[in-house]
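One letter stands for each residue in the lines below.
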Amino acid sequence: MHQEELQYNKLLRSYEETRTRHLREQKERRETVYEKLPELAALDRKLAESSVAAVKAALDGDSSALDRLGKDNAQIASEKKALLQSAGYPADYLELPYTCPDCKDTGFINKEKCHCFKQALTFALSETSTLPHLLKQENFEHFSFSYYDDMTTDSRLQLTPRENMEKIVADAKQFVDEFDSVSRSILIYGNTGVGKTFLSNCIAKALLDTAHHVVYMTSHNLFEVFEAHRFDHTTESSGDASLYQYIFHCDLLIIDDLGTELSNSFTNSMLYTCINERQLRKKSTVISTNLSLEQLRDRYSERIFSRITGNYTLWKLIGKDIRVLKRMEGSFS
Ligand SMILES: [Zn+2]
């Protein structure tokens, strides 16, 4: 089969899996919320009854009843939203979640390919895009522990760099295995060259292989998108606007090299919004950075710092710069 056709079919399957996953997500959310807020279950029953009555009124041609039921429904819907919000949930928490609201994750709008589908197809076919290229090499199967020292114990962690890395890679595999059931976000931090990007690429690869929507961005690119969106809310169909939506809705957002971007108070507040909204939607985010926790606190606002340190799993990578080790190996061989 032609490469493009293969990719096309693979994408269609992944859209179907996305829809199934979202339906399951919605069902699980509903069950949890019903348990916490039985009043909400009662409202949903009222809504169902009134919908049945509306169908009957429509069949009977009773327009005044239909009118009244319509108003009832709107009233119940707004009560539901208020109830959800008072319990700390987003108002749309029980709506069917969409990765792309424009095509409702079908990939098509009136038989035309949606922008998200075009983008995904281009991405899948693109040879210039660095991620798919890297991912051939950077995956869990190619992960080598041999660059991590197993002799010197780190006094703070009470582990050798290798033991530390083994523990983290095991947790990374667990993160991937449980991805659909456990929403978790991760901060990977440590010095240059200790394998942070490699590790996040391994995670990206594993989740792309299981048909998840993964967006990988350097923090530099991410802040550029934020900045571009600041002055341009109108062209919702343009590539950047859809990418902007993706940043908030994709299954996994990877922000690589946080701290290297050109930031200002606007982009920093966008970073908070992004982190916060993804967390409210129970979407996972992986952030990697060369900054220490202290530097992170100094550079970003207190609320960003506390969102990350309070809610993210922290993976501290230690060891020597692998790129330097590899170069030295090269010069000896
Ligand atoms: Zn779409």
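Described in the following lines is the structure provided in the data block. (Residues numbered from 1 in each chain as written. Predicted model: local features only at pLDDT ≥ 70, side-chain atom pairs only at ≥ 80, totals over all residues. Heavy atoms only, no water.)

Here we take up the sheet that holds strand β7 (residues 312-316). Sheet architecture is open: five strands sit in the order β4-β5-β6-β3-β7, paired in parallel fashion. On the outer flanks of this sheet lie β4 (214-218) and β7, each paired with one strand and no other. When strand polarity is set aside, the average angle formed by the axes of neighbouring strands in this sheet is 15°. Looking at chain direction, strand β5 (residues 252-258) and strand β6 (residues 284-289) are connected through five bridges and run parallel. Residue Leu253 lies in a different strand from β6, and its bridge partner there is Thr285. Packed onto the sheet, helix α6 (residues 161-177) meets β3 (185-189), β5, β6 and β7 and runs at close to 150° relative to β7. (Pairing = 2+ DSSP bridges. Helix = DSSP H or I, 4+ residues; strand = E, 2+ residues; numbered from the N terminus. Axes fitted to C-alpha atoms, helices over the stretch in contact; angles between N-to-C directions. Contact = heavy atoms within 4.5 Å.)

The next thing to look at is the coordination of the zinc ion. Taken together, the protein ligands of the zinc ion are Cys100 (SG), Cys103 (SG), Cys114 (SG) and Cys116 (SG), with distances of 2.3 Å. Spacing between the donor residues of the zinc ion along their common chain follows C-x2-C-x10-C-x1-C. One end of the pair, Cys103, is in the loop between α3 (63-86) and β1 (108-109); the other, Cys114, is in the loop between β2 (112-113) and α4 (115-125), and eleven residues separate them in sequence. An identical accessibility class is assigned to Cys103 and Cys114; each is buried. (Donors = N, O, S within 2.8 Å, 3.2 Å for Na, K, Ca; no water. Buried < 20%, exposed > 50% of the residue type's maximum accessible area, 1.4 Å probe, protein only.)

Quick look at the nonpolar core now. If you look at the biggest cluster of nonpolar residues, it comprises 39 residues, and the most contacted ones within it are Leu222, Ile247, Leu258, Leu271 and Ile287. Residue-level mapping places this core at the junction of two domains, with at least three residues from each of domain 1 (3-109) and domain 2 (127-332). With 26 residues, the next largest nonpolar core counts Ile168, Ile203, Ile254 and Val286 among its residues. (Core = buried A, V, L, I, M, F, W, Y, C linked by side-chain atoms within 4.5 Å. Domains from an automatic or database assignment.)

Looking now at the environment of Leu11. Summarising the element assignment, Leu11 is placed in helix α1 (residues 3-36). Residue Leu11 is classed as buried on the basis of its relative accessible area of 11%. Along the chain, Leu11 and Phe117 lie 106 residues apart, while their C-alpha atoms are 8.0 Å from each other. Those residues in contact with Leu11, other than ones at most four positions away along the chain, are Phe117, Ala120 and Leu121.

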